[in-house]
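# Descriptive structure summary
Residues per chain, in single letters:
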Amino acid sequence: MKPFAYERAGSVRAAVTAAVDDPGAVFLGGGTNLVDHLRLGITHPGRLIDVSRLPLEDVEELPDGGLRIGATLRNSDLAAHPLVRTRFPVLSRALLAGASGQLRNAATTAGNLLQRTRCRYFQDPTTPCNKRDPGSGCSALTGYTRQHAVFGASEECIAVHPSDMAVAAAALDAVVVTTGPEGERRIPVTELLRLPGDEPQRDNTLLHGELITALEVPPLPAGARSGYRKVRDRASFAFALVSVAAVVETEGGTVRWARIALGGVAHKPWRATRAEDALAGAPATEESFRRAAEAELAAAEPLSGNAFKVPMARRTLTAVLSDLTAEEPQ
Amino acid sequence: MDAHVTLRVDGEERSLTVDTRTSLLDALRDRLGVTSPKKGCDHGQCGSCTVLLDGRRVVSCLALTVSHDGAEVTTAAGLPGPDGRLHPLQQAFWDHDAFQCGYCTPGQICSAAGMLEEADAGRPSHATADLDPAARTPLTDDEIRERMSGNICRCGAYVNIVAAIREVGDVSEVTER
Amino acid sequence: MTETEQPPPLAAHAVGVPTRRLDGPAKVSGTAPYAWEHRLPEPVYVHAVQAGIARGRIVRVDTAAAEAVDGVLTVLSHRTAPRLADTSDHELAILQGPEVGFRGQIVGAVLAETPEAARYAASLVRFAYEEEPHHTELRDDSPDTYTPAKVNPSFPSDTEQGDPEAALKEAACTIDATYRTPMQFNNPMEPHTTVAIWEEGDPEDPSASPLLTLYDSTQGSHTVRTTLAPVLGLGAERVRVISPHVGGGFGSKGMPHAHDVLACLAAKVLRGRPAKLALTRQQLFSLAGHRTPTVQRVRLGAEPGGQLTAISHEVLEHTSRVKEFAEQSAVATRMMYASPNRRTSHRLAALDVPVPSWMRAPGETPGMYAAEVAMDELAEALGLDPIELRKRNDPTQEPETGKPWSSRHLVECLTTGARRFGWDQRTAPGARREGEWLVGLGVASSTYPGYAMPGSEVEIVHRGSSRYTVRIGAADLGTGTWTVLSQIAADGLGVAAEDVRMEIGDTAYPMATVAGGSSGVSSWGSSLLNAVRAFRDQYGDEPEAGARVRAGYPENPARERYAVHSFGAHFAEARVNAVTGEVRVPRMLGVFSAGRIINPLLARSQFIGGMTMGLSMALHEEGVFDHTTGHVVNQDLADYHVPVCADIGDIEAAWLDEEDFVSNPMGSRGIGEIGIVGSPSAVVNAVYNATGIRVRELPLTPDKLLGE
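Note that the structure is a prediction, hence the values are computed from the model and not measured. (Residues numbered from 1 in each chain as written. Chains lettered and ligands numbered in written order. Predicted model: local features only at pLDDT ≥ 70, side-chain atom pairs only at ≥ 80, totals over all residues. Heavy atoms only, no water.)

### A word on empty space enclosed by the protein
Within the structure shown, the criterion is met by 12 cavities of 30 Å³ or more. Taken as a whole, the largest cavity encloses approximately 490 Å³ of empty space. Looking at the largest cavity, it is lined by 31 residues, and the ones nearest its centre are Asp26, Lys39 and Asp42 of chain B together with Pro115 and Arg119 of chain C. When residues of the lining of the largest cavity are traced back to their parent elements, those giving at least two are α1 (24-31) of chain B together with β1 (44-50), α3 (115-122) and β13 (275-278) of chain C. Here the lining of the largest cavity gets five residues from one element, more than from any other, and that element is α3 of chain C. Of the residues contributing to the lining of the largest cavity, the split by class is 14 nonpolar, five polar and 12 charged. The calculated volume of the second largest cavity comes to roughly 330 Å³. (1 Å grid on protein atoms, 1.4 Å probe; cavity = no way out; pocket = protein on both sides within 12 Å on 5 of 7 lines; lining within 4 Å. Points joined across faces, edges and corners; volume = space filled by probe spheres on them. Helix = DSSP H or I, 4+ residues; strand = E, 2+ residues; numbered from the N terminus. Nonpolar A, V, L, I, M, F, W, Y, C, P; charged D, E, K, R; others polar.)

Take a look at the structure:
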């Protein structure tokens, strides 16, 4: 770990100003990802700007029934929030499926979204990795690919995004609110996180010094149901092989609309738009769900080590949709 | 680069100058001589370093000391009462032989203490069937197992760990003893 | 010594009582000191630097950047490190030359005033290499395999009885299957740690040689001393190893590894300041041993009624070119079931990999996984209940030697377990489904030798008023040594356990053999009771305060005339998710025949702990080797999975009420390892019963059980 300067930010504006002025500065939130990476020697900031105590810890109900969630709220507090549990169970479920009780007590809303890939090669500075060291090559391509992407990968990088919460946020059409060098802006989570392309070193579309201050979740109609299912190698405390976040509204045995995101399959939460299109107006039957899942997974590009993710995602997505529509919403 | 911090560790105020890189775990173990929290992985993957930080269970290996100036830290060494009597969780772990080598144990016990408070406060877990805040979730074995899954025990004492925590399960306010 | 001078069979009073651990209060508070935690003034922190290639030579070392880091005292490499006196053990002979034998080998170290400085500077040490092509992959058709001279610890590599090939040809029913297990890592929760203090002898007295003190995380303080002293050129009496509490080992701390030597070299450079070295979790994967991957072909031939006519178990494993370790995977097959025709063999491929070593029940664990799954396959092929198949092949004497068993109650374990577990609920494969879950039951046998090692000594001191101190350098790595030896001592001396003070885990106490091979209590307890006998012979029943005696391991000729083994029956219920392929094991039961149980509370924990590790092997553990880079890719606890609490359901252990005084005067046999042995195959067989899918390659991750 390279020595670094530390300062605690007194305000959002002060944090952003400090960071913008120093290309070697990074924000410190809960630390569960950044400190890990500092110790692994895969990131070398010259300055940490601690934003963990900024007063961004509220969950605010918006006039339209949506929620504005503070960026430094801890994951465990968010998962336990009554409004999240009742209105957006997919978000609670995704959070509770991630990490451990201790980590959820420290990790923040923004930090969770911005956590970096668990690709073994990215985490090991003794191996080439285009994300860590652009141009050095991708060790995973010829190596261990079991955890890697089946959608949206590039020749440069086949890593996947590790967050569960981000998958739920993508399915909920959630938006992050940021303050940056150019003022405040709003970025949908699906656009905040990006595919690797030829710039795998960039996980997201934030500018240097741009700070996430909140996550906004738009309201769901009363009839919509949402859920999250994660498939993993252990019963708990393991990253997803495949996960599914789905929000669906049915009416009289027909799917009105569905929003679906898959986790563990791409460099960002993968919005299953093909499946969503196939479901709109389709009968709410297992046959429709399977076809929708097939429509999505037909576009997958698996590698030898992760081909199992295709049937796993198809089967899991079908089961999630069946479960969510098994009975009429209350 | 150094920074000066003050912590309250197991009820005692401790001031020290640390490298900004020093984890809370290393500050406790190497600087303050509080070796109850253990270093098992140093990456938040095993839970051996779990302490109660301002009353909540966290892994101290991923906490930077400098970021927690003024914090209250409770380790398993600080759980026994002033008379030296073991905390009910410690007693139950001993009675149920809920450890073998003992290296993960202080972290397990701090985690259990924090976990029981969380459960008592009605916080849900991955094992909770009904997320309705009005629903009262009993602390079943499956709930204990899920909530304790951030603490790895390689000796394989989980069966006894669950039994020990089950026995203490209805103790509330455990961290305030 | 004649047999009449044996300690008499122990009458149990404290033995058999479920006494809680003596070290319990200290362990639950975290105040029991492990190797890192002994308070020492002015410590220096050592961080190891590891090779970045799998094979070749270092041609250049650049330590300038590392040395420039504030707080760095010195950087060690093969150019600057002190010389070792004996470099014949190539695992231990680090920093003595430019050769690199595997990726991750120790090639340097930074010594610094703070751990932060040491670690950061270690990342700045640069090596240039002349790289040679490396070979790290164990393949079924690996070229250049060879037959080791022996397999661990000293078994013949190959055995053959009768004509197995002919018998297989003639058999009414045959199984021919190949089973694979991956690299596995012990991963004790306490990373391997050594703190070393090297005090030069008195400058006024040139004859006084240096004194080396080690606080080490080890299963055998005396083993560390006797191994390291010659490497360092010191007399054994000049080395003291202190290790009162050990955070797990499972074999990986059974012998010193390279990091022990590094700490000593650092200490030698520091001349008196303590050198503190703890491996990181990642470093354990190349420096603390591992279980070899195995490829095991098992062939069984049987009559229609199930009687085995041929058993063939051929094992292929890897070892390191740096140092040979040959896991004895087929050895249990030599004694497990009756058959007139039998072959076992071991072949090794020497690769550019880290040095494999002991991991809980080396040999029995992977070997019995393959053999007991093959038995399940045979039962299926014969249409026989797998318990019945095992009953029909239970040998009356040890098959290869013809020796009588000191105690063989496998069938009783199986039938007792079947009743308790509800074996009669087992259905045809794939026939039981509850919602998304396919449910099945599985069974497997286990066995482990009843080892005892000569060499240990015990000192007994009478402190007055019938209170005693008992000293031996034995280790407690969670095994309960503190507690169990005090129970044995109490009964031997005829006092209450509270009146015995144990002193263990230090070479300042008498020699103890390593806590390995489940031999600890048998070896140390026998010596202890022999010391009691000698004490009473010398002092009678009313000794003076200060009376003291020291005695060693009693000869036990009966052991030579008998086959001494423990047995067990493992049962598992597996639930396999029909959608995702995820496996859950809600119930396991082990019923063991392991001689007299000295402490039921602690014994149950040992059995259950072993079973938990076996379940882990079945479902989770896999070291993934990248043969391009030449290293274990998933080298941490986030990706090398061991079970978390949610993975473990109701695991119960039971045992038969028995005593085995052939084994030792306590009537016990070791219990640290048998719990793991039958556990993986019971789980695998249960998964087959649930799904009808026979997976022959561990671990059973969801992808292997996923439908189309």
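### Focus on α3 of chain C
Among the eight residues in α3 of chain C, six count as buried, and that is most of the element. Within α3 of chain C, burial applies to Glu116, Ala117, Ala118, Tyr120, Ala121 and Ala122 of chain C. Buried residues along α3 of chain C sit against β2 (12-19) and α1 of chain B together with β1, α2 (64-67), β3 (72-77) and β5 (106-112) of chain C. (Buried < 20%, exposed > 50% of the residue type's maximum accessible area, 1.4 Å probe, protein only. Contact = heavy atoms within 4.5 Å.)

### Some words on the interface of chain B and chain C
Counting from both sides, the interface comprises 49 residues of chain B and, opposite them, 60 residues of chain C. Roughly 4400 Å² is buried in total at the junction of chain B and chain C, and carbon and sulfur atoms are behind 55% of that figure. Interface area lost by chain B to chain C is led by Trp94, Gln100 and Arg154 of chain B, which between them contribute 20%. Across the contact surface, chain B and chain C share six salt bridges. Here glutamate 37 of chain C and lysine 38 of chain B are joined by a salt bridge, their closest N and O atoms 3.0 Å apart. At the surface where chain B touches chain C, the tally comes to 33 residue pairs in polar contact (both at pLDDT 80 or more). (Buried area = accessible area lost by both parts, 1.4 Å probe. Salt bridge = Lys/Arg side-chain N within 4 Å of Asp/Glu carboxyl O. Polar contact = N/O pair within 3.5 Å; in protein donor to acceptor, adjacent residues only side chain to side chain.)

### Regarding the domain arrangement of chain B
Residues and elements named next belong to chain B. Looking at chain B, the domain boundaries give domain 1 (2-78) and domain 2 (88-176). Taking the mean C-alpha position of each, domain 1 and domain 2 sit 22 Å from one another. Facing the 18 residues of domain 1 at the interface are 19 residues of domain 2. Between domain 1 and domain 2, the buried area comes to about 1300 Å², and carbon and sulfur atoms account for 51% of it. Of all residues in domain 1, Leu52, Arg57 and Ala76 give up the largest surface area on contact with domain 2, accounting jointly for 42% of the area buried on that side. Counting across the domain 1 and domain 2 interface gives one salt bridge. Linking domain 1 with domain 2 are eight residue pairs in polar contact (both at pLDDT 80 or more), by the criterion used here. Considering every element that reaches the side of domain 1 that touches domain 2, the biggest residue donor is strand β3 (residues 50-53), with three residues. Grouping the amino acids of the side of domain 1 that touches domain 2 by side-chain chemistry returns four nonpolar, nine polar and five charged. (Domains from an automatic or database assignment.)

### Focus on the state of the cysteines
Going through the model one piece at a time under the given rule, you end up with zero disulfides over all chains. Left unpaired, cysteine 101 of chain B is separated from the closest cysteine sulfur, that of cysteine 155 of chain B, by 3.8 Å. (Disulfide = S-S within 2.5 Å.)

### Brief notes about the sheet that holds strand β6 (residues 175-180) of chain A
All names here are of chain A. Taken in spatial order, the five strands make up an open sheet running β4-β5-β8-β6-β7, and their pairing is antiparallel. Every interior strand has two partners, whereas the edge strands, β4 (59-61) and β7 (183-188), have only one. With direction set aside, neighbouring strand axes in the sheet form an average angle of 25 degrees. Across five bridges, the pairing between β6 and strand β8 (residues 211-217) is antiparallel. For valine 176, the partnering residue across the bridge sits in β8 and is leucine 215. Taken strand by strand, helix α1 (residues 12-20) contacts β6 and β8, and its axis lies near 65 degrees from that of β6. (Pairing = 2+ DSSP bridges. Axes fitted to C-alpha atoms, helices over the stretch in contact; angles between N-to-C directions.)

### Looking at the interface of chain A and chain C
Facing 35 residues of chain A, the contacting portion of chain C comprises 36 residues. Roughly 2900 Å² of surface becomes buried between chain A and chain C when both sides are summed, with 51% attributable to carbon and sulfur atoms. When residues of chain A are sorted by the area they lose upon contact with chain C, Arg120, Arg234 and Arg315 of chain A head the list and together hold 25% of the total. Where chain A packs against chain C, one counts four salt bridges. In this structure, the salt-bridge partner of glutamate 436 of chain C is arginine 229 of chain A, at a minimum N-O distance of 2.7 Å. At the boundary of chain A and chain C, one finds 17 residue pairs in polar contact (both at pLDDT 80 or more). Contributions of two or more residues to the side of chain A that touches chain C are made by α2 (34-40), β9 (225-231) and α12 (309-324) of chain A. If you tally residues by element for the side of chain A that touches chain C, the top one is α12 of chain A, at six residues. Per-class residue counts for the side of chain A that touches chain C are 14 nonpolar, eight polar and 13 charged.

### Let's talk about the sheet that holds β3 of chain C
All names here are of chain C. What the seven strands build is an open sheet, ordered β3-β5-β1-β13-β10-β11-β12; its pairing is mixed. Two strands bound the open sheet, and with one partner strand each, they are β3 and β12 (239-242). The average angle at which neighbouring strand axes cross in this sheet is 20 degrees, direction not considered. Relative to β13, strand β10 (residues 193-199) is paired through four bridges, and the arrangement is antiparallel. Looking across to β13, one finds that threonine 194 is bridged to leucine 277. Seen against the sheet, helix α5 (residues 221-232) touches β10, β11 (211-216) and β12 and runs at an angle of roughly 145 degrees to β12.

### Brief notes about the packing of helix α8 (residues 364-382) of chain C against helix α16 (residues 679-691) of chain C
Residue and element names in this part refer to chain C. Two numbers describe how α8 lies on α16: the axes approach to 8 Å, and their chain directions differ by 35 degrees. Seen along the crossing, α8 lies across α16 with a hand that is right-handed. Judged by residue contacts, Met368, Tyr369, Glu372, Val373, Asp376 and Glu380 of α8 engage Pro680, Ser681, Val684, Asn685 and Tyr688 from α16. Looking at the contact of α8 with α16 residue by residue, the classes come out as six nonpolar, two polar and three charged. (Left-handed = near helix turned anticlockwise from the far one by under 90°.)

### Let's talk about the pattern of salt bridges
Tallied over the full model, the rule gives 81 salt bridges over all chains. We note a salt bridge from glutamate 37 of chain C to arginine 29 of chain B, for which the minimum N-O separation is 2.8 Å. Of this pair, glutamate 37 of chain C sits in the loop between α1 (24-29) and β1 while arginine 29 of chain B sits in helix α1, which puts the two residues in different chains. By relative accessible area, which is 7% here, glutamate 37 of chain C ends up buried. Across the pair aspartate 660 of chain C and arginine 669 of chain C runs a salt bridge whose closest N-O atoms are separated by 2.6 Å. In terms of burial, aspartate 660 of chain C and arginine 669 of chain C fall into one category: buried.

### Considerations on the confidence of the model for chain C
Looking at chain C as a whole, its pLDDT mean stands at 97, while 99% of the residues score no less than 70. Under the prediction, the complex receives an ipTM of 0.97, its pTM being 0.97. (pLDDT = per-residue confidence, 0-100.)

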